[in-house]
Amino acid sequence: MIKVTTEVCPLCGGTGWKTVADADGALKDRRVARCDCQLRTRSENLLAAARIPKRYEHCELSNFEFDGPHRSLAPARMAACKFVENYPLDNVGLLLIGSIGVGKTHLAVGIIKELIVGKGIACLFYDYRELLKQIQNSYNDTVKATELDVLRPVFETEVLVLDELGATRPTDWVWDTVSLILNSRYNNKLTTIITTNFPDGMSAEAETRQGIKRLKREDTLGDRIGDRMRSRLHEMCRIITIEGADFRQQVKSASFR
Ligand SMILES: [Zn+2]
């Protein structure tokens, strides 16, 4: 049996342009538009360039679980879908906050995949630690890439996912670098989607200044990226707090309904 594969697009015959009929169907003023096959190629290229890690490749908004024991995740998924729907008319970013394993990265990857495939928008995924490491490596003379080689796509991509913001132990250099990235994207009015395990609170230093004393405190976003960058994030992003599913608690509250 001979397997026939059609390499040439049947819609446009390989030209990349398809004819669009007039409103009245007349041929007198034939117009052309980009063929679907061109959009498909663009999406495939964008997807390949987005740096989505292998372990998150399967993540879609459609396979994000949000029922049964995962019911508490429904509002976060809803917000993610709304974001995709309204982009780019509304291009305020998202700050997804939640503990490890709650599905923040799944949602972030799901969002950019929809933007790439559905809207042909250039997106880039970067793990925060990996990005900082690559920038640091670029200072090494034996490495060919310069700091700007690493940073240019991070500065320029239309939508950036910065995964696990704050995960690197903060130093002056880390703070400066984070400021550089966030301020550059803010000034260029580009969209940034951020995930973090750290609660959205001010730094210990700022708390002390305000006379707040606590015996026990966990690190906040303010501690990890600085209070100024935390307020910058508030200008750039909508905050979505993802509550982890606590099955026992849900069953208990259900029995009181
Ligand atoms: Zn075509």
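The shown structure was predicted, so the numbers you read here are calculated from the model rather than taken from an experiment.

Draft legend 1. Inspection of the coordination of the zinc ion at higher detail. Looking at the zinc ion, one finds its protein donor set to be Cys-9 (SG), Cys-12 (SG), Cys-35 (SG) and Cys-37 (SG), positioned 2.3 Å from the metal centre. Seen from the zinc ion, its four donor atoms lie at angles of 106 to 111 degrees, and the figure they make is tetrahedral. Each donor residue of the zinc ion lies on one chain, and together they are spaced C-x2-C-x22-C-x1-C. Take Cys-9 and Cys-12: they sit in the same class, and that class is buried.

Draft legend 2. Broad picture of the side chain of Ser-203. Mapped onto the fold, Ser-203 is located in the loop between strand E6 (191-196) and helix H7 (204-209). Assessed through its relative accessible area of 6%, Ser-203 is described here as buried. Within the structure, the side chain of Ser-203 is placed 3.1 Å from the backbone nitrogen of Ala-206, a separation counted as a polar contact. Reaching out from Ser-203, the side chain makes a polar contact with the side chain of Asp-227 at a distance of 2.5 Å. Excluding residues that lie within four positions of it along the chain, Ser-203 makes contacts with Arg-217, Thr-220, Gly-222, Asp-223 and Asp-227.

Draft legend 3. Molecular detail of the sheet that holds strand E3 (residues 93-97). Within the open sheet, the five strands sit side by side as E4-E5-E6-E3-E7. Their pairing is parallel. Sheet topology places strand E4 (123-127) and strand E7 (237-241) at the edges, where each strand pairs with a single neighbour. Strand-to-strand twist of the sheet, defined as the mean angle between neighbouring strand axes without regard to direction, takes the value 15 degrees. Against the sheet, helix H4 (residues 128-137) touches E4 and strand E5 (159-163), its axis set at about 85 degrees to E4.

Draft legend 4. The arrangement of the pattern of salt bridges in detail. Scanning all chains against the criterion turns up 12 salt bridges. One salt bridge connects Lys-18 with Asp-36, and the closest N-O pair in it is separated by 2.8 Å. A residue pair is termed long-range when its members are at least 10 positions apart, and Lys-18 in strand E1 (residues 17-20) and Asp-36 in helix H1 (residues 36-49) qualify at 18 residues. Judged by relative accessible area, Asp-36 falls into the partly exposed class, the value being 35%. Asp-90 is paired through a salt bridge with Arg-238; the nearest N and O atoms lie 2.9 Å apart. With Asp-90 in the loop between helix H2 (74-86) and E3 and Arg-238 in strand E7, this residue pair connects regions lying 148 residues apart in the sequence. What makes Asp-90 partly exposed here is its relative accessible area of 23%.

Draft legend 5. Structural context of the environment of Val-8. Structurally, the position occupied by Val-8 is in the segment before E1. With a relative accessible area of 51%, Val-8 lands in the exposed category. The spacing of Val-8 and Cys-37 is 29 residues in sequence and 9.9 Å in space, taken between C-alpha atoms.

The rules behind the values
- Residues numbered from 1 in each chain as written.
- Predicted model: local features only at pLDDT ≥ 70, side-chain atom pairs only at ≥ 80, totals over all residues.
- Heavy atoms only, no water.
- Donors = N, O, S within 2.8 Å, 3.2 Å for Na, K, Ca; no water.
- Tetrahedral: all angles 85-135°; square planar, octahedral: opposite > 155°, others 65-115°.
- Buried < 20%, exposed > 50% of the residue type's maximum accessible area, 1.4 Å probe, protein only.
- Helix = DSSP H or I, 4+ residues; strand = E, 2+ residues; numbered from the N terminus.
- Polar contact = N/O pair within 3.5 Å; in protein donor to acceptor, adjacent residues only side chain to side chain.
- Contact = heavy atoms within 4.5 Å.
- Pairing = 2+ DSSP bridges.
- Axes fitted to C-alpha atoms, helices over the stretch in contact; angles between N-to-C directions.
- Salt bridge = Lys/Arg side-chain N within 4 Å of Asp/Glu carboxyl O.

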